Amino acid sequence: MPANPSPATPADAALPAGQSTFSFSVGTRLAESCPPSDAQEAENGGQFLGRTGTITTPHGQIQTPAFIAVGTKATVKAVLPESMAELGAQALLANAYHLYLQPGADILDEAGGLGAFMNWPGPTFTDSGGFQVMSLGSGFKKVIDMKTVAAAGAPGPDDAVAPGKERLAHIDDDGVWFKSHLNGDKHRFSPEISMQVQHRIGADIMFAFDELTTLQNSRGYQEESLERTRLWAERCITEHFRLTEERVGKPYQALFGVIQGAQYEDLRRKACRDLGAMPFDGFGIGGALEKENLGTIVRWCNEELPEDKPRHLLGISEPDDIFTAIENGADTFDCVSPTRVARNSAFYTPTGRYNLSGAKYKRDFGPLQDGCDCYTCQNYSRAYIHHLFKAKEMVSATLISIHNERFVVKMVDDARLAIESGTFFDFKAETLGQYYS
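Residues numbered from 1 in each chain as written. Predicted model: local features only at pLDDT ≥ 70, side-chain atom pairs only at ≥ 80, totals over all residues. Heavy atoms only, no water.

## Side note on the overall build of the chain
Item 1. From N to C terminus, the chain includes 18 helices and 16 strands.
Item 2. Per-residue burial for the chain yields a buried fraction of 55% across its 437 residues.
Item 3. Restricting to contacts in the chain with at least 6 residues of sequence separation, those with at least 24 account for 69%.
Item 4. Here the chain has roughly 18,000 Å² of accessible surface; of this, 51% comes from carbon and sulfur atoms. (Helix = DSSP H or I, 4+ residues; strand = E, 2+ residues; numbered from the N terminus. Buried < 20%, exposed > 50% of the residue type's maximum accessible area, 1.4 Å probe, protein only. Contact = heavy atoms within 4.5 Å. Areas by Shrake-Rupley, 256 points an atom, 1.4 Å probe, with all protein chains shown as cover.)

In structure tokens:
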């Protein structure tokens, strides 16, 4: 793919060997197949940037928009990789932080990479570990004091922590020191280390190491952090180029830059312009944002980012968020929610999310969802899975997770087809109208 060299690389640096094995092509644009009304654009706050496309990786293609199921520790919790393939998942995302701590990136490298290690033949993603350093190391929403935002309606002290808690991660310009949430051992992540870890894990798509801020952080700190993330992005590219040339014979791994900037339009747009000028293969939109601003922030970013590169939105799966992300230009997105809620007996249906632990399901011999084509709905009843959950049998989480993953995957697949057929807005209205009724 054509790209200009990063300021952190020599002016005459060539793109890594094998980069041609990764590509992205735009298919149908939403605004062309289903032209929105003036009222719809006004409600959205700007143009609709949704589109279909195809991401090509060494392990297969991803038709976008696509939901990327999360397999944090090289497994989608409670679900076999074969089951994920059967339900239509196109790619899986694993977590560099967790795999670094256990079993170790060297183990995955020796096994032939993430896909071979977990017996998943399709495309794979890994995140950089930056979010987990914050959420598990610093204790996001547990150690970091978020009450000041709610109480004062404005950001509070950048170093505030909850009473009786300890911040376990410490950020400097070179990287992050953090303590393992498993045993308290001290570890160091830097852009270079993150790249080294992710190259050994061997996913098709990796993310640059970034600093995650929260809505609690001050404007001044957001600016400081954004510059730190920009410099880290340059270092990630340099190390990525080096490792790609060094690891001869390995499939090419694409590198996505991560867009930060919290709730600030100027910072988000600056991050997109800065990282968009670097030779990344795609981009992840991450960081702190409020649900009501999700579409606006995604649109800000995609108005600035190169159109010929894919955009991944990190961490969403609620139906309204998915449609908002798609229509504003997100190509892929991930979330742990389908399996997380399944472990608490919650299951998705077209008319909303329900909890199977309720007594009314004890003698309900119908499927989780009438008409669903997933393995669970084709073979098991609500009454049986209700019994499994009450009996604390682990397979209850497996059966509900299979259904929930299929529900989200199919909804996104249907949204893609609706863009192509010119019925997206009607499909969105019908789907969300039923789900939130």
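## Looking at unusual backbone geometry
Item 1. A cis geometry characterises the amide bond from Thr64 onward to Pro65, with omega recorded as 0°.
Item 2. With respect to the helices and strands, Pro65 occurs in the loop between strand S3 (60-64) and strand S4 (66-70).
Item 3. Of note, the amide linkage connecting Gln102 to Pro103 takes the cis form, showing an omega dihedral of 10°.
Item 4. Counting through the fold element by element, Pro103 comes out in the loop between helix H4 (96-101) and helix H5 (105-111).
Item 5. Located in the positive-phi region is Ala74, a residue other than glycine, with phi close to 70°.
Item 6. Relative to the helices and strands, Ala74 resides in the loop between S4 and helix H3 (81-86).
Item 7. Looking at Ala74, the relative accessible area reads 10%, which means it is buried.
Item 8. Even without being glycine, Ser345 reaches a positive phi, approximately 75°.
Item 9. Note that Ser345 resides in the loop between helix H14 (337-342) and strand S15 (346-349).

## Re the side chain of Thr64
Item 1. Checked against the element boundaries, Thr64 lands in strand S3.
Item 2. Given the relative accessible area of 0%, Thr64 is considered buried.
Item 3. Ignoring sequence-local partners within four residues, the contact set of Thr64 consists of Phe24, Arg51, Thr52, Gly53, Thr54, Ile55, Asp331, Thr332 and Arg416.

## Observations regarding the sheet that holds strand S1 (residues 23-29)
Item 1. One open sheet accounts for three strands, arranged S1-S2-S3; its pairing is antiparallel. Each edge of the sheet is formed by a strand with only one pairing partner; in this case those strands are S1 and S3. Recorded for the sheet is a direction-independent mean angle of 15° between the axes of neighbouring strands.
Item 2. The sheet contact formed by strand S2 (residues 51-57) and S3 spans five bridges and is antiparallel. Its bridge partner being in S3, Thr56 is matched across the sheet by Gln61.
Item 3. Here helix H17 (residues 395-421) sits on the sheet in contact with S1, S2 and S3, set at roughly 120° to S2. (Pairing = 2+ DSSP bridges. Axes fitted to C-alpha atoms, helices over the stretch in contact; angles between N-to-C directions.)

## Topic: the pattern of salt bridges
Item 1. Following the criterion strictly, the structure yields 31 salt bridges and no others.
Item 2. Close ionic contact of Glu211 with Arg228 constitutes a salt bridge, the shortest N to O distance being 2.6 Å. Here Glu211 is found in the loop between strand S10 (205-207) and helix H10 (219-246), whereas its partner Arg228 is found in helix H10, with 17 residues between them in sequence. For the pair Glu211 and Arg228, a shared accessibility class is recorded, and that class is buried.
Item 3. Residues Glu303 and Arg299 are paired through a salt bridge, measuring 3.3 Å at the closest nitrogen-oxygen approach. Here Glu303 pairs with Arg299, and both are found in helix H12 (residues 294-304), just four residues apart, close to one helical turn.
Item 4. Exposure remark for Arg299: the relative accessible area of 6% places this residue in the buried category.
Item 5. Via salt bridges that share partners, Glu265, Arg269, Arg273, Arg299, Glu303 and Glu304 belong to a single interconnected network. (Salt bridge = Lys/Arg side-chain N within 4 Å of Asp/Glu carboxyl O.)

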